[in-house]
Each structure stands twice: as C-alpha cells, then as structure tokens.
Amino acid sequence: MSAPNKEYDPKQVTDLSEESVNRMVAEALAAMNNAGNLAELKEVRLAHFGDRSPLALANREIGALPPAAKAEVGKRVGQAKAQIKDALSNREEELEVLRDQQVLLEETVDITVPTDRGWVGGRHPLTTLMEAMSDVFIAMGYSIAEGPELEAEWVNFDALNVPADHPARTMQDTFYVTSQDSGAVLRTQTSPIQIRAMLEHKPPIYVVAPGRVYRTDELDATHTPVFHQIEGLAVDRGLTMADLKGTLDHLAEQMFGAGIVTRLRPSYFPFTEPSAEVDLQCFICRGASVGNSGTPCRTCGNEGWIEWGGCGMVNPRVLRAVGIDPHVYTGFAFGMGIERTLMFRNGVTDMRDMVEGDLRFTRAFGVEA
Amino acid sequence: MRIPISWISELTGVTASGREIAEHLIAAGLEVESVQTIGEGLSGDLVVGRVEEIEELTEFKKPIRYCLVDVGADHGGIRGIICGAQNFVVGDLVVVAVPGTILPGGFEISARETYGKVSNGMICSEREMGLGEDHEGILVLPPETASAGANAKPIIGLADEILDIAVTPDRGYALSARGIAREVCIAYKVPFSDPIDRVVHVPAPSGSTKPAECASDDLEACDLFTLSTVVNFNPYAPTPQWMKNRLRDCGMRSVSLAVDITNYVMLESGQPLHAFDLDKLQGTVRAGHPIEGELFETLDHVERTLSASDLVILDDRGTIGLAGVMGGLDAEISDSSTNIALEAAHFDSMAIARSSRKYKLSSEASRRFERGVDRTIAPYAALRAIELMLELGGGEYVGMNAVEAPMQVTVITISNQLPAQIAGMEIPAQQVVDLLTAVGCQVTQESGQLHVAVPSWRPDITDQADLVEEVIRLIGYSNLPSTLPVAPAGRGVTHSQKLRRRVGTALAHAGLSEVLSYPFVGPQDLTALRIPAQDPRRDMPTLANPLSDEQPWLRSSILFTLIPTARRNLGRGHTSIPIFEIGSVFQGGMDTVAIPHMNVEHPPTPEQWSALENALPNQPLHVAAVLIGEAQPAGWWGGARPFDWSDAVDSARILAESCGVTLAVSRGADPIFHPGRCAQLSVTDADGASHVVGAAGELHPAVCESFGLPPRSCAMEINLNAVIKCAPLVMPAPVFSTQPVAKEDLAVVVDQNMDAALVEQALREGAGDLLESVRLFDVYSGPQVGEGKKSLAFALRFRSPDHTLSAEETARVREAALQRATHVCGAVLR
C-alpha cells in the first residue's frame, strides 16, 4: 500500500469521484443493515470503517490530488466517513436493544411451577372465632376478662348460686380435682370469670370472657369433654333485659350479617333470673325453609332458628355474693359454645375434627375462621 | 316429662294440635323437645278380636299358633290367623290388623299362606302398632275392655300426640299433668280447675283394723309423712287399658295394678308415692336416719352401705327405703300383696338430691323431689290412689296416719314497677297482679307494693327476681324491645392479650399449624417422655374422676399431650408435621385443704380470696411446637430439607421476636430432648435479669421411639407468660450512623465443644461500640483445622457515629475482638 502522499504523486489508485464515494457509503450502509447482531456489525465496521476499508484507502489518496481538488474531495470523504460513523452507531444501539431483549427471552421460565417451598400454617379456628366474637365486644367498649381453668368450686358453683347438691350441679358433669369434696374443679363454664371480674372491679363492668371449659362427656360427633365458651357480663345502673336482647342482636348481626336477630326463650340457669335460651335467626335461609319442604335448610333443620346459648339478668344473689348491691345495680350475662358456633357457622359436621389435631383441619382455615 | 295431648285436653278443655300447644309451652319456658304421634304411619282398621281357638303347630323350628279369632261380623267374623307369640290364651282380647291395614313403617297386611295355613290378618304387638317398644308378646287387652269387632284405635290411644318436655331444675311442678295443664290454661287464657281440688270418692276409714303407724324422726328433712292402709286388695285385678296407655305414653311400664296406680297418681299430681306390702312391715314406718354402715338392698338389686346422714324410711327392723329415691327389696309389694301401706310424703329437695348423687340413683321420684314437690298434696295424692285402688282392685280403706311440721308460706314483697324496670318495657301494674295470680300466687296490694304469697307447688319462687321472671315470661320474651346499652369507653385488648394473639399468628406465618389437645396425662405418658421421678413436672393436679383411669393428671407441659397429637397425625398419613399449641399448663399438685370455706352471703374477705388464689396451682400459658419431617419438601428447586434442631430453636426465636423480646440460646439439658441437641431458652427482663423460659431441640431418640415418631423429630416449649412479662410496652427507636461501613471477615479456630454464641459474645465485647453487627456465616470442621477443633467464620460490620473509619482503626477493633475471643474462648485466628 502506498505511503502518505507527501510529495506530488499523480498516480490515482482509488477513484475519488462523487459516484465512487457515494457507492462506498451505500455499500457500508447496506452491509450494516444486513448485520443481524453485534458480532456481525463488528465485521461490518472493520470492512467499511476500518483502516483497510475502501473509504480509508480513498482518504489516503487525497494527498495526491492537486491542491485545487483537495478541498472538495476532502470534504466529500469526510462527510462520507461521518455518515457511516453515525449509521454504525445507530445500528449498534439497535442491535444492543435486540440483544438485551434476546437475553430476557432466553431467561424465560415456566412461571406455573409450584412455588410452595415451605408449609402454610394456620391458627385453630376455635381460637380465631373466639377472637372475632371478642372483638365485637371490644368495639363496644368491653374488656376481655380471664380466669384459671382449674378453679375453686366456690367460684365455679357457689358464688353463681349453685349450692352443693343443687340439681343444677348434676346438669354439668364436673371434673373434680383430688377428690369430690376438695373444693377444686376444672371449670365447667366460663361463668366463674364473671365472679372474678365482679370481685376485681367495681361497676360499671362490661366484660367478655372467652375460654376453655371441661365436662365429663365422652368424645363423640357432638360432645367433647374439653370445649370453649364465650361469656359476656354487664353490670351497671339500670341495665334491662331489653339491653340484653339488644346486645345479643348486635352480636348476631356482626357475626352473621345485617338484619340477623336473636330470639329469647324462657329457661333456667341458677346464676340468672330471669333466664333465657338464645336462638339465632338462621343466617342461611332466614326462616324461608320453615314449613317449606321444597327448600330444606341444613343449617337450621327447617326450624328457622338455631340454638345458640343461654342468657339472663344476673341473679341478685350472685351480685350479693360478690359484694355488689342489687338494689343499685342490675346486670345481664350471656354465654355460648364456640364449638357449636363454629359447627353451624362454618359447616363443621363432626366435633372430633376440632379436637383431634389433624393438620388438615387447621390449615384449611388459615389465620381467620 | 312425656305427656299425651289427650290428657292435657281432659284437664284444660283446650283442644289444639300438639305442635300448637308445644309452641305456647316453649314460649312460657317449658322446653318441648319433640311432638310425636302415637302410631304415626298407620292406616286402615285395627279391631278388637277375641281368641276363640288356638291350635299349636309344633312341626316348625319355633312354636307357632294358628288361632281362630272373632273380629266381629263387620270385619269378617271368625278369621284364622298365624301368630308366633305365646302370651295369650283362649278368651283373651287382642288387637287385629285385618288385610288392607298398613302398619307404621309401610307394612301392609294381606291374607297369605304361611306355615301351611292361610293367615287372614295379624295379631299385633305394641311395637308393631307404633305404640311403644314392647315386643315381648302381642298386646292383650284387659278382659271386658270391649267387645269383639270394636274399633281398637281409641282403646289403645292411637293417634294421640305426645309432648316430650325437658323440665329445668326450677320447674318441678311441670313434672306432672297438673303443672303442665296449668301452664296451658295460662297460655290459652282459660280458667284452670286444679285436679287436686276434685272431690275424691273414698269411703270413710272402715276402722276394722288399726292403720299402720308412721313418724318422722327428722321433721326438717321430712316435714310431712302420711301412711295409708288398704287391706284385701285384689292383686290380680288388671290395670285398665286407658291407664296403661297413659303410663306408656309418659314413658313408664305397666307393672301391676297397685304400682301402676301409684305411678299414675304421681304423673297426674306430681306427688311420688310408694306402696309397701303391709304384711312385710314391722312396727312404725318412719322417715329418719339409718345406723352408720347399715347394708341395704334397693329395688335394683344393688346392696348399698348407708351412712347415718342418709335420709331413709325405716321400720322396726331397719331401713326399708331410700327416702324419695328408691324402695328396698324386702318390703316391696309383690304380685300377690293384698294388704298395702301407701307412703305419701314430702322430703327436703337437697336431701334427696344428695342421696341421688351419692348413690348415683335417679328415679322418677327423686327427679321430682329434688326439683321440689308441692308441700301440701301428699294426703290428697294418697286418697286419689286409694280411690283408684278400691275402684279397680277392690279392698278396704282402713285409714291414714300422718305427721307434719308446721308449714311456712313464702311471702315476697315486690314493687309493682320492678318487672317493668327489669324488662325495660312498660308493664301495667294490674297486669303484674293478674299474671302472678294466674301462676297461683295470692297477691295483696299496698300502695305500689305487692305482697305475694307463693303457691305451695312453686318452691322455686323465693326471691323478687323469681316473680319478675314469672311476669316477663308470661308476657313473652318475644315482646321485649331490643336496646343497646352504651358502655364506658374501653381500653381494648391488653398488651398481654395482644401478644398472645400475635404469637399464634407469627407461628402460623412461619408455617406451623395450631392444634388443641386434651390436657390429660398419665404415668405411662411420663415414662415414655423419660420424665425422671424427681422432675418438678411430675407434680401435677390429679382428677378425682378422670375420663380414663390411665390419664388422671393435668399436664404440666404441653409437649406431654402435643407429642401424642403429632403421632395421631402420623397415623393419618401426614409425613411433615409442623404443629403448635398454646394452652394452660398446671404446675404443682393441689393443697385443697388450703381452700377456705366461704358462704355466699358476703363477698370473700381479702384474706379468704388470697388463700383461695394461693391454693390453686400456677396455670401459666405455654406454647409448644413439634416439627417432624421436611421443613422444605423436594421440588424443582432441589432436594428436601428436613426439620432439624435449629428449626425448633428458630420457632422459639420467632415467637419471642413477635413479642419484641430477644431470645438467648444456651446449651440445655432436658430428658425429653437429645442430650447434645437441646437448647435452653432465656429472656432478659427490663431490669436486666435473665429468666429461663423454655427448651428446644431434637427429641431424645428414645422418646421418638416410644411414640413412634421418626428419628430426629424436633420440639420446643416455652412459657409464654414469662416471655410476655419481658416484652417492652414501647419499642425504643434505633440510633444509627450514616457514615460508611467497614466490613471485616474473621475466621477463628476453637474447640469443637465451644458454643458459637459464647465466641460471638466475646467478639462483641472485644469490638466495643464501633461494632455494628456480627453474624456467623460458616462453621467448618475437618483435617485443615485439626482434630477436636472447628472453625467459625464471622462477618463483622464496623461503623463510627461521626467519621469514616480508617483502615488502621478498623484493624485495631478487629484485633481487639479477636483478642477477647482468644482470651475467653481460646479462639485462634485461622
């Protein structure tokens, strides 16, 4: 290849005509457009913009031109170089984008494979249901009261107006601790918590007491010796049975939907007088199944109502036993079974599922009942 | 109490369906559990037949009779009927289902050939007609009940409806037709004519012999005792069918005429009666107390050892009955007793309840006495029974002896406004008076105050509140308004309650599932768990009446009952079992002697209350977890990772962190756990004192084997109360620097049995305040570090609060950390 033209050398090796330069540019542009990736573009750059490219060779010839022609040709070649450089740069950017897209495409995974590397846990629905029911009362300004499961008989029975040998004691088959006359029992109900709440606080008292209770029933589909209740107690000036009804209606509505109410039926509990059974309006059929064999309701058995719990006005004898003057204060109390509520609310058909600890039962509920 | 509607109608004049009457009774507080129709599903004719001829067919496996039965001209005259029962003779009246009749259960009678004869109908048993469960033979009607061909349905009480009422302990009066009829009359607002006011047709005492003498040795426990004497009674006289029907409908069996009459009068009036064979008695019949240790055999053939405090019926020879509960075998009337002494008495309800509970004996009599029987009606009921005896079985009424304590009528004074105040609704004063009067009270008014004399059949009414209930229940609870009281502003859940909820949620989010187990344990459980004899966990409360004698104790640790729950899950095919339980444990046996005896007239004194609280065992809330199988299952990501001891420790850490508490882990020793893989867990309280709160790790291989758990099963148990006690109420904000961090890795070689936690602690102490964090990132043991050694690699981050640390500063702190570790733990730079 010839050295730079320092001296005048009329020999023209490369055609520097406008046509020729335009052709070089056109060829370069075509080649770079044909380049499908960055590697190919590198080849193109070498071929059309490198030291041996036609344009580079042409550039060398400029020195050999007569001075009059140098300026014009120099400008022509310079423009051509700039054009190719820009085009190369643009094409490079295009190809880089393509390359990046390709990399991501190649990283595609099967997004549908299972992702559960660990276990999904859950809380027992009896626990979460007790919390949900408690929260209805928390929102009304109640507190959660507590007491021990192994309880003094005086608290579990005597103070609740269930004297020794009263038939009501045999209504509840009691686990006695140490001996039948030891004075200590596994609490048969959450009601002893009422006694503790009233001994610990002066009225007004508004408490709710969820908890575990015990009776000597054998486990079967509808009985368990260890179960749960929630108890409510309000003691204040001027509380009425209508207030009790309203409180239960509110609970029913919060737990089972707008418009669901309760019904009270006279009954007997030693610690309340008057006493009542609480029925819940069937939240599935809302009574539509009653006398209507065409639309049977499994939840209420076509009764329209579901037995839910017991309630009443706190027996003045109970108030006296805890040092509250029944002439100044009245109170109401109510209680319901959590297992039973879970059965009809969530459709649990067998009590045993709640107590046997099968993982599948808890997992199905997650962290809310 | 079961009662047929026909009886209610007879006493009240109310003719309504069973379902309608049931609705009214439920609204009034008598819980009607079912309404059932006698012989439901039966259609077609049942006729009275007279057995004319019996041919015994002996060629079959069992005795078979071919009977000629006269069913009256209208039903085909004399029919030949095959019958398998043997309890009838020629001349007996039976009930025949003629062909075309459909018996309950859809069984249609047709003439058919069987046992080589044509059987032209069926002679029915009670059960076949849906009357009851009796299937010992066919139903034989008393002689002269009806003539052959008569419609048998009304005779056997078919199509009557039966109410089954669950009577609450306060409503003893509802254990009688009399009591139920009164409620029906109140509900239907019709006048009630009390059956005991009916004139009883008994001739004046004959005086031919002296009536049996009676006495009460304990006029408090037995305040009324009557003994009536009937002689020359015909013991073979049959019980009329109408009475049999009523006994059957009320759920009682027909025994003999005399016994049936005592039961019938009890059902009618609510007064239990007891008939003795006069010829088996010696001397005065008394209510009183036996000699301590006396042996006495009750009617159920059980011999019982009596105590002197029991209330019994005695004669000169000793105990002849457990008063108000059950008679004795010796003086009982038999099928052939002709001379009868009839006891009608009133007993203290608590005394009867005590006997019934003590001897685990519940009878029709005890159920009534313990709920309270009308104090006044014993003499009436005795005469009513005698009326029936003389009418149905003949005999001679000799006379009645009686002893009685003075009777107190309960009078309660009540404001006529009180029911309205308690109900929260308007109740006119006159309505209060009217309703109390309907119940049977005698009410006198005195300027707004009512003096209410309680009727003798309502011993349950003792307080103002009882009268309030009577008024409101009869107005109807359905009429109560619904109002919502406004409680004072509340404080929400307490900090402790909030943390308890959060702990469960944290463990659930960590993949564990909450389960509940029964807290009952026994000696073999503790052996399987390797709990040594002197372990304090063996000190547990004991149940006097456990469900199973093998598990008489209340758990002192949740793992005692959670590990068996894990085993149950294994049995159900689960292979990976991450479970936890939050529950009470019971620490220490009971010193029940320390529980003070307290009455209910006054609240406990502070001394009594604290004695009571101290007598109860400590019952903290614990959390336990069992981890079995895979922490992470095999998947496209790689192989499975099994649960190991570190997962157990970490579950405890998650629990503590969710309470804002940092858990310290040190080497522990608990016989349930693997001796080399047991962590002791501690927390630090606000005063800086450290408390051991639990243990975690791998279960001892012997424990796994005993319970059939896979090897290397892991567990954790922690005292949640103790953790919560250390939980901060307010979390202090962190102070951190924004200067650049300097990172240094430091690998040291220590003895194999050196705890990483101690080395880390030494590094922290040595590095001082510039140390931001330290984290163990590698543990290595092998030939490169030498026999009995291990290498621990820590990543340390240093940061100054106010400037960029220079290389020299960083090196100096790193060196200080290392020196401390060398000094305390013998660590050598690797």
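Residues numbered from 1 in each chain as written. Chains lettered and ligands numbered in written order. Predicted model: local features only at pLDDT ≥ 70, side-chain atom pairs only at ≥ 80, totals over all residues. Heavy atoms only, no water.

1. Section: the overall build of chain A
Turning to step 1, where the next piece is worked out: Looking only at helices and strands, chain A has 13 helices and nine strands in total.
Turning to step 2, where the next piece is worked out: Computed over C-alpha atoms, the radius of gyration of chain A comes to 45 Å, more than 25% over the 21 Å expected from 2.2 N^0.38 for 369 residues, which places it beyond the range of a compact globule.
Turning to step 3, where the next piece is worked out: In terms of overall dimensions, chain A has a C-alpha envelope of 135 × 50 × 45 Å along the principal axes.
Turning to step 4, where the next piece is worked out: For chain A, the proportion of its 369 residues judged to be buried stands at 55%. (Helix = DSSP H or I, 4+ residues; strand = E, 2+ residues; numbered from the N terminus. Rg over C-alpha atoms; globule rule 2.2 N^0.38 Å. Buried < 20%, exposed > 50% of the residue type's maximum accessible area, 1.4 Å probe, protein only.)

2. Looking at the interface of chain A and chain B
Turning to step 1, where the next piece is worked out: Of the residues lining the interface, 106 residues belong to chain A; the matching set on chain B comes to 101 residues.
Turning to step 2, where the next piece is worked out: Of the roughly 8,500 Å² buried between chain A and chain B on both sides combined, carbon and sulfur atoms contribute 59%.
Turning to step 3, where the next piece is worked out: Taken as a group, A:R117, A:W119 and A:D165 account for 10% of the area that chain A buries against chain B, more than any other trio of residues on that side.
Turning to step 4, where the next piece is worked out: In this structure, the connection of chain A to chain B is made through seven salt bridges.
Turning to step 5, where the next piece is worked out: For A:D358, the salt bridge is made with B:R572, and the minimal N-O distance between the two is 2.9 Å.
Turning to step 6, where the next piece is worked out: Across the chain A-chain B interface, the total number found is 43 residue pairs in polar contact (both at pLDDT 80 or more).
Turning to step 7, where the next piece is worked out: Split into classes, the residues belonging to the side of chain A that touches chain B amount to 47 nonpolar, 31 polar and 28 charged. (Contact = heavy atoms within 4.5 Å. Buried area = accessible area lost by both parts, 1.4 Å probe. Salt bridge = Lys/Arg side-chain N within 4 Å of Asp/Glu carboxyl O. Polar contact = N/O pair within 3.5 Å; in protein donor to acceptor, adjacent residues only side chain to side chain. Nonpolar A, V, L, I, M, F, W, Y, C, P; charged D, E, K, R; others polar.)

3. A closer look at helix α3 (residues 54–61) of chain A
Residues and elements named next belong to chain A.
Turning to step 1, where the next piece is worked out: Of all the residues in α3, the buried ones are L55, A58 and E61. Projected down its long axis, α3 carries its buried residues within an arc of 105°, all on one side.
Turning to step 2, where the next piece is worked out: Looking at the buried residues of α3, the elements they touch are α1 (18–34) and α4 (67–106). (Arc of directions from axis to C-beta.)

4. Re the sheet that holds strand β22 (residues 326–327) of chain B
Turning to step 1, where the next piece is worked out: Spatially, the five strands line up as an open sheet ordered β14-β17-β20-β21-β22 (chain B), and their pairing is mixed. Only two strands of the sheet have a single partner each, and these edge strands are β14 (214–216) and β22 of chain B. (Pairing = 2+ DSSP bridges.)

5. Some details on the side chain of B:S682
All names here are of chain B.
Turning to step 1, where the next piece is worked out: Tracing the backbone shows S682 in strand β36 (residues 673–684).
Turning to step 2, where the next piece is worked out: Residue classification places S682 among the buried positions, given a relative accessible area of 7%.
Turning to step 3, where the next piece is worked out: Among residues more than four places away in sequence, those in contact with S682 are T662, L663, A664, S690, H691, V692 and V693.

6. Considerations on unusual backbone geometry
Residue and element names in this part refer to chain A.
Turning to step 1, where the next piece is worked out: Cis geometry marks the peptide bond from P203 to P204, where omega comes out at 0°.
Turning to step 2, where the next piece is worked out: Summarising the element assignment, P204 is placed in the loop between α8 (191–200) and β4 (205–214).
Turning to step 3, where the next piece is worked out: With omega at -5°, the peptide bond leading from E273 into P274 counts as cis.
Turning to step 4, where the next piece is worked out: Tracing the chain through its elements places P274 in strand β7 (residues 272–281).
Turning to step 5, where the next piece is worked out: With phi around 50°, R286 is a residue other than glycine that occupies positive phi space.
Turning to step 6, where the next piece is worked out: As for its position among the elements, R286 is in the loop between β7 and β8 (305–314).

7. What about the pairing of strand β27 (residues 449–453) of chain B?
Residue and element names in this part refer to chain B.
Turning to step 1, where the next piece is worked out: Bridge count for strand β25 (residues 411–415) against β27 is five bridges, and the pairing is antiparallel. Within β27, the residue paired with V411 across the bridge is A453.
Turning to step 2, where the next piece is worked out: Here strand β26 (residues 442–446) runs beside β27; their pairing, made up of five bridges, is antiparallel. By the bridge assignment for β27, E446 is matched with Q449.
Turning to step 3, where the next piece is worked out: In sequence, β26 turns back onto β27 through a hairpin of two residues, with S447 there showing a positive phi of about 40°.

8. Quick look at the packing of aromatic side chains
Turning to step 1, where the next piece is worked out: A full pass over the atoms with the stated rule returns 18 aromatic pairs over all chains.
Turning to step 2, where the next piece is worked out: Where A:Y142 meets A:Y206, the ring centres are 5.4 Å apart and the plane angle is 75°; that geometry is what we call edge-to-face. With a gap of 64 residues between them, A:Y142 in the loop between α5 (125–138) and β1 (143–144) and A:Y206 in strand β4 connect regions that are remote in the sequence. Note on accessibility: A:Y142 and A:Y206 belong to one class, buried.
Turning to step 3, where the next piece is worked out: Taken together through their ring pairs, the aromatic side chains of A:F137, A:Y142, A:Y206, A:F332 and A:F334 make up a single cluster.
Turning to step 4, where the next piece is worked out: Over the face of the ring belonging to B:F88 we find B:R65, whose NZ or CZ atom lies 4.7 Å from the ring centre.
Turning to step 5, where the next piece is worked out: The ring of B:Y66 has B:K117 sitting right over it, with the charged end atom 5.0 Å from the ring centre. (Phe/Tyr/Trp six-rings, centres within 6.5 Å; stacked < 30°, edge-to-face > 60°. Lys NZ or Arg CZ within 6 Å of the ring centre and 35° of its normal.)

9. Thoughts on the pattern of salt bridges
When the charged atoms of two side chains with opposite charge come close together, those side chains can pair.
Residues and elements named next belong to chain B.
Turning to step 1, where the next piece is worked out: The tally for this structure, following the rule as stated, stands at 59 salt bridges over all chains.
Turning to step 2, where the next piece is worked out: Ionic pairing is found between E10 and R246, a salt bridge with its closest N-O pair at 2.6 Å. One end of the pair, E10, is in helix α1 (residues 5–12); the other, R246, is in helix α4 (residues 241–249), with 236 residues separating them in the sequence.
Turning to step 3, where the next piece is worked out: E370 is the salt-bridge partner of R371, the closest N and O atoms lying 3.6 Å from each other. The exposure classification of R371 matches that of E370, with both residues buried.
Turning to step 4, where the next piece is worked out: Linked through salt bridges whose partners overlap, the residues forming this network are D170, R171, E183, R458, D460, E469, E470 and R473.

10. Some details on the nonpolar core
Turning to step 1, where the next piece is worked out: Counting residues in each nonpolar core, the largest one holds 78 residues, and the members touching the most others are A:M133, A:L280, A:W308, A:M354 and B:L436.
Turning to step 2, where the next piece is worked out: In this structure, B:L11, B:L30, B:A237 and B:A381 belong to the second largest nonpolar core, which totals 56 residues. (Core = buried A, V, L, I, M, F, W, Y, C linked by side-chain atoms within 4.5 Å.)

11. As for the domain arrangement of chain A
Turning to step 1, where the next piece is worked out: Under the domain assignment, chain A is made up of domain 1 (10–106) and domain 2 (125–364).
Turning to step 2, where the next piece is worked out: The distance between the C-alpha centroids of domain 1 of chain A and domain 2 of chain A comes to 91 Å. (Domains from an automatic or database assignment.)

12. Examining the environment of B:F707
Residues and elements named next belong to chain B.
Turning to step 1, where the next piece is worked out: Positionally, F707 belongs in helix α17 (residues 701–707).
Turning to step 2, where the next piece is worked out: In this structure F707 comes out as buried when scored by relative accessible area, which is 3%.
Turning to step 3, where the next piece is worked out: Not counting chain neighbours up to four residues away, the residues in contact with F707 comprise D525, A528, L529, I563, P564 and R567.

13. With respect to the packing of α1(A) against helix α2 (residues 38–49) of chain A
Each pair of packed helices can be described by the angle between their axes along with the distance between the axes.
Residues and elements named next belong to chain A.
Turning to step 1, where the next piece is worked out: At their nearest, the axes of α1 and α2 sit 8 Å apart, and the two run at 165° to each other. As far as their axial angle goes, α2 and α1 are roughly antiparallel. Two packed elements cross with a definite hand, and for α1 against α2 that hand is right-handed. Of the residues in α2, those touching α1 at E27, A28, A31, M32 and N34 are E40, L41, V44 and H48.
Turning to step 2, where the next piece is worked out: Partitioned by chemical class, the residues of the contact of α1 with α2 number five nonpolar, two polar and two charged. (Axes fitted to C-alpha atoms, helices over the stretch in contact; angles between N-to-C directions. Parallel < 35°, antiparallel > 145°, perpendicular 65-115°, else oblique. Left-handed = near helix turned anticlockwise from the far one by under 90°.)

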